[in-house]
Amino acid sequence: QARVVESGGGLVQPGGSLRLSCICSGSSFSIYSMRWYRQAPGRQRELGAAITRGGGSDTADSVTGRFIVSGDTAKDRVYLQMNSLKAEDTAKYFCNVDFTPLGDAWGQGIQVAVCS
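No experiment lies behind these values; they were computed from the predicted model shown. (Residues numbered from 1 in each chain as written. Predicted model: local features only at pLDDT ≥ 70, side-chain atom pairs only at ≥ 80, totals over all residues. Heavy atoms only, no water.)

Trainee: Before we go on, may I ask you to explain the packing of aromatic side chains in this structure?
Mentor: By convention here, two paired aromatic rings are described through the distance between centres and the angle between planes. A complete count under the given rule lists three aromatic pairs for this structure. Summarising the aromatic geometry, the rings of Tyr 37 and Trp 106 are spaced 5.0 Å apart at their centres and angled 50° between planes, so their arrangement reads as tilted. Taken as a pair, Tyr 37 in strand S4 (residues 33-39) and Trp 106 in strand S10 (residues 104-106) lie far apart in primary sequence, 69 residues in all. For the ring pair Phe 94 and Trp 106, a centre distance of 6.4 Å and an interplane angle of 80° mean the geometry is edge-to-face. A residue pair is termed long-range when its members are at least 10 positions apart, and Phe 94 in strand S9 (residues 91-98) and Trp 106 in strand S10 qualify at twelve residues. The lysine or arginine in question, Arg 45, covers the ring of Phe 94, its NZ or CZ lying 3.7 Å from the ring centre. Sitting above the plane of the Trp 106 ring, Arg 45 keeps its charged end 4.7 Å from the centroid. (Phe/Tyr/Trp six-rings, centres within 6.5 Å; stacked < 30°, edge-to-face > 60°. Helix = DSSP H or I, 4+ residues; strand = E, 2+ residues; numbered from the N terminus. Lys NZ or Arg CZ within 6 Å of the ring centre and 35° of its normal.)

Trainee: Looking at this structure, I do not really get the state of the cysteines. What am I missing?
Mentor: A complete count under the given rule lists one disulfide for this structure. This cysteine, Cys 24, is not joined by any disulfide, and Cys 22 carries the nearest cysteine sulfur, 7.1 Å off. The class of Cys 24 is buried, set by a relative accessible area of 5%. (Disulfide = S-S within 2.5 Å. Buried < 20%, exposed > 50% of the residue type's maximum accessible area, 1.4 Å probe, protein only.)

Trainee: How should empty space enclosed by the protein be read in this particular structure?
Mentor: Rolled over the atoms, a probe with the dimensions of a water molecule shows which regions are left empty. Applying the stated criterion across every chain yields a total of one cavity of 30 Å³ or more. For the largest cavity, the calculated volume is near 30 Å³. The wall of the largest cavity is formed by Trp 36, Tyr 37, Arg 38, Gly 48, Val 63, Phe 67, Leu 80 and Tyr 93. Considering each element in turn, the lining of the largest cavity owes the most residues, three residues, to S4. (1 Å grid on protein atoms, 1.4 Å probe; cavity = no way out; pocket = protein on both sides within 12 Å on 5 of 7 lines; lining within 4 Å. Points joined across faces, edges and corners; volume = space filled by probe spheres on them.)

Trainee: Can you help me understand the pattern of salt bridges in this one?
Mentor: If the charged atoms of two oppositely charged side chains come close together, the side chains can form a pair. One pass over the full model with this rule turns up four salt bridges. With a closest N to O distance of 2.9 Å, Arg 38 and Asp 89 form a salt bridge. You can see Arg 38 sitting in strand S4 and its partner Asp 89 sitting in the loop between strand S8 (77-82) and S9, a full 51 residues away along the chain. Exposure remark for Asp 89: the relative accessible area of 0% places this residue in the buried category. Notably, a salt bridge pairs Arg 66 with Asp 89, separated by 2.7 Å at the nearest N-O pair. (Salt bridge = Lys/Arg side-chain N within 4 Å of Asp/Glu carboxyl O.)

The structure is reproduced here in C-alpha cells:
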C-alpha cells in the first residue's frame, strides 16, 4: 500500500521561504501525477501545484511566480519551493499521488505558518 509522507513545513516570517518535500513509497504502481494541495482554516482544499509523468508541471495562479514545483514521478517524489511567502499562504499542505486509473493516495499533511 502506498505511503505518502510530506516534510519541510514550519513557521516562517512574511517574505521568507520554505521547501516542502513529498516522497511516496510502498507502491509498485506507476505514478501519473503528484500534486500539492493546501487547505487554510475554514476554506476548501485547493490545488497549488503539480508535476506529471513525462515532465510536465503547473502551478495555480495564486502562487505562480513565487512557488516552484519540481520532482520526478518516476522517482516517486515532488518538491515545492515556496518563496516570498505571505500570511495568506498559511495552510496545511497535502501531497496527493495519482495512480490513474488505479486511484490515488494522500499524505497526512504538513503545516505551514507565515507570520511575523
